[in-house]
Each structure stands twice: as structure tokens, then as C-alpha cells.
Amino acid sequence: RFPFVDVGRKVSPAGLVPYVGADYRAATMDVVELLVGLGHRGIGLIGELSGREANLDRAEGYRLASTAAGLRPVLIEGAGIAGAQALELIRHNRLTAVVTDSSGLAEHLLDAATAAGLRVPTDLSIAQLGDPERSTGRQIDWTGFRIPREHMGEQAVALLSRLIAGSDSSDELQTLLPCELARGATVAPVGGFEPPTFGSSASR
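Here's what I pulled together on the structure shown here. (Residues numbered from 1 in each chain as written. Predicted model: local features only at pLDDT ≥ 70, side-chain atom pairs only at ≥ 80, totals over all residues. Heavy atoms only, no water.)

**Thoughts on the sheet that holds strand β6 (residues 125-128)**
Okay, step 1: With mixed pairing, the six strands of this open sheet are ordered in space as β4-β3-β5-β6-β7-β9. Strands at the two margins of the open sheet, each flanked by one partner only, are β4 (74-77) and β9 (180-182). Between one strand axis and the next, the sheet turns by 20° as a mean value, whatever way the strands run.
Okay, step 2: Note that strand β7 (residues 143-146) and β9 share three bridges and pair antiparallel. Among the inter-strand pairings, F145 is bridged to a residue of β9, identified as L181.
Okay, step 3: Helix α1 (residues 24-37) contacts β3 (43-47), β5 (97-100), β6, β7 and β9 of the sheet and is inclined by roughly 155° relative to β7. (Pairing = 2+ DSSP bridges. Helix = DSSP H or I, 4+ residues; strand = E, 2+ residues; numbered from the N terminus. Axes fitted to C-alpha atoms, helices over the stretch in contact; angles between N-to-C directions. Contact = heavy atoms within 4.5 Å.)

**So, the sheet that holds strand β1 (residues 6-7)**
Okay, step 1: Spatially, β1-β2-β8 is the arrangement adopted by the three strands of the open sheet, whose pairing is parallel. Strands with a single pairing partner mark the edges of an open sheet, and in this sheet they are β1 and β8 (174-177).
Okay, step 2: Bridge analysis of strand β2 (residues 19-22) against β8 gives four bridges, and the strand direction is parallel. Bridging from a neighbouring strand, Y19 pairs with Q174 of β8.

**Quick look at the pattern of salt bridges**
Okay, step 1: Per the counting criterion, the structure on display carries eight salt bridges.
Okay, step 2: Of the charged contacts in the structure, one is a salt bridge between R9 and D57, with a shortest N-O distance of 2.8 Å. Pair noted here: R9 is in the loop between β1 and β2 and D57 is in helix α2 (residues 53-68), with a separation of 48 residues, a long-range link.
Okay, step 3: Here R9 falls in the partly exposed class, since its relative accessible area comes to 25%.
Okay, step 4: Between D111 and R138 there is a salt bridge; the shortest N-O distance is 3.0 Å. Residue D111 is located in helix α4 (residues 103-115), and its partner R138 is located in the loop between β6 and β7; the two are separated by 27 residues in the primary sequence.
Okay, step 5: Owing to a relative accessible area of 36%, R138 belongs among the partly exposed residues under this scheme.
Okay, step 6: One network of salt bridges, in which partners are shared, links E107, D111 and R138. (Salt bridge = Lys/Arg side-chain N within 4 Å of Asp/Glu carboxyl O. Buried < 20%, exposed > 50% of the residue type's maximum accessible area, 1.4 Å probe, protein only.)

Shown next, in the form of C-alpha cells:
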């Protein structure tokens, strides 16, 4: 029964959890809306579709933005999937753009697309739903959003201080901070409305 604050949205059957998190749902909607504005009609989400609240929030934001644009949501479970497998699923679902919550998968997908003779973003747009906590060493200007990690930490400590002092009401115990949209260089206007062609004929 000691005061605590979670960094990130948290739901517990034990009761209300104080937290300061990032608004992944709204940020994901912004990314999907950006792709829709570039003419994409086949937009898929590849990522972890269960488990942590952050995963669920991204998936919900993707669904909301897709259905609002009149698109068919295509959600692909990304746990344990390789770049080549993801690329085949993209082909099967006739997607021209993909959003993913995994920086590792995004890079593997980029490599697989390049190996297949596709150009990113000319032939396939890829957006990353949040910057990675640790750099992979590659300098890729990903389209997606930036997570306000430092601000989340600062606000969490401030909230904890207020809890210790007994000065916070129950409606101030849960806060979601906005993420910054990063336009980056890994998405582009769709080249018509046909899905990308895979295989040797795609090289040009």
C-alpha cells in the first residue's frame, strides 16, 4: 500500500493504476491518416496484437483510422515473424503501405523489400509506430512518431510527489501525453492504386 506511478498506460483488475503514458492510439491514427492522405488504400499493421496496453492501443488506433477512411483493416501478428515472411503477407494482402510497432521488424522488412527489388518508399511505404529505446546503429529517417519518454518520466515523478503529499484527486491519476508525428523519409505517395509487384520483374 505504498504510493507508485506506472510509466505507461496500465490496466489492472486490482483497481485504478496511477500512470503517465504516451497516447499511442492517437499517434497511430495520425500515421495512418498521413498514409491515407498520400493516396494509400491498402495499409496494414504488422505487430504484436495482444499483451501490453501499448500494443492494444496501437492496434485500436490503426483500426479506428482505417475504418474512418473506409479501408479494410489488415492486422498481422508480428511476433516471431521474419522480414521475408512479412513481405509475402504484404503481397498476399495487396498492401502498398505498412505500419509496424517493432523497429527490428521494420528494418528487416526494409532489407527484405530491397532484396526483392523494391524501393522504399517508392514501391512500398513503411512507417514505424514509435522510435526505439535503443539505437540499432543504422541511420534511417523513419516515418512514424516520437515517444515523449523523458516527459513521461518527469510527469510520473511529479505525480508521485503529489501522491505522497496527498494532493491529487482520482481524476488526475491517469495521463496520456501526445506523441510527435515524424514525417521521415520512408513513406511516399502511392504510385497508382496497384499493389507492388514482387520478384525479379519489380527491379528497375
